[in-house]
Amino acid sequence: MASIIDNLITEQGFELVNTKLGVILLEELTNQKNNFNAFENDFEVFVGRQEAYGKSEDVVINVSFDNASFSDKTQHYVQSSDTFFIDIYCQGISTSGMSSSVQADRLGLRIAGIIRSILSSTKYNTLGLERGLIGGTMVESIQSSNQFNEQDSNSIKFVRITFSARIRESQEMWVGIDLLGNDSNIKLNLTNKGYQLTFN
């Protein structure tokens, strides 16, 4: 069967938001570190990273799309509720003054707090995307866990921020053809039993 969609399908809203979240976090965290000394650690931001966190890395932030549910569908638009994960990985190393677990815990929660504040700011209600695409955003939850490596006395902190966005997705409407005449060979007849279809 030949394809019938004869136009390029552009990036969908959830794709745009997934990438935009990474851009926002890179820009805003860099600003917080360089201009306000909010934290000292080096950090990297990824979108859709699959590789495990390495102990040679400092702070790693990974944005990933989780799911979307759809409602209020029309021929041209559909409203979606989308969920994204922002995962933070960092570690601490034991010193004479502070245990590695306390260091990792403080750093992970500090980064999570900054991200929560950034994404909750009214300046990012639409995430800087085109008007009408975003119907609302919310930081839904923050969860954390700790991993301790007894071999090198390192503690790894993992924090997950769940972020949701209402996104209006669109699709091209089919352009119909003009009905120039009735080419059917079937006739609709009204009978005392109801409408009956018969061949001409």
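Everything below is about the structure shown above.
Scope of this entry: the structure provided in the associated data block. (Residues numbered from 1 in each chain as written. Predicted model: local features only at pLDDT ≥ 70, side-chain atom pairs only at ≥ 80, totals over all residues. Heavy atoms only, no water.)

**Considering the packing of aromatic side chains**
Scanning all chains against the criterion turns up five aromatic pairs. Seen in terms of ring centroids, Phe 14 and Phe 65 are 4.9 Å apart; in terms of plane orientation they differ by 35°. Their pairing is tilted. Taken together, the residues Phe 14 in helix H1 (residues 13–36) and Phe 65 in strand E2 (residues 59–71) connect sequence positions 51 residues apart. Given the relative accessible area of 27%, Phe 14 is considered partly exposed. When the centroid spacing of 5.7 Å and the interplanar angle of 65° are considered together, the rings of Phe 39 and Phe 43 count as edge-to-face. Accessibility classification places Phe 39 together with Phe 43 in one group, the buried group. Counting every residue linked through ring pairs, the aromatic cluster contains Phe 14, Phe 65 and Phe 84. Directly above the aromatic system of Phe 85 lies the positively charged group of Arg 160, at a separation of 3.9 Å from the ring centroid. Geometry around Tyr 77 places Arg 168 over its ring, the cationic atom sitting 3.8 Å from the centre. (Phe/Tyr/Trp six-rings, centres within 6.5 Å; stacked < 30°, edge-to-face > 60°. Helix = DSSP H or I, 4+ residues; strand = E, 2+ residues; numbered from the N terminus. Buried < 20%, exposed > 50% of the residue type's maximum accessible area, 1.4 Å probe, protein only. Lys NZ or Arg CZ within 6 Å of the ring centre and 35° of its normal.)

**Some remarks on the environment of Thr 122**
Residue placement: Thr 122 occurs in the loop between helix H2 (100–120) and strand E4 (134–149). According to the relative accessible area criterion, Thr 122 is exposed, its value standing at 63%. Along the backbone, Thr 122 and Glu 44 are 78 residues apart, and their C-alpha atoms lie at a distance of 25 Å.

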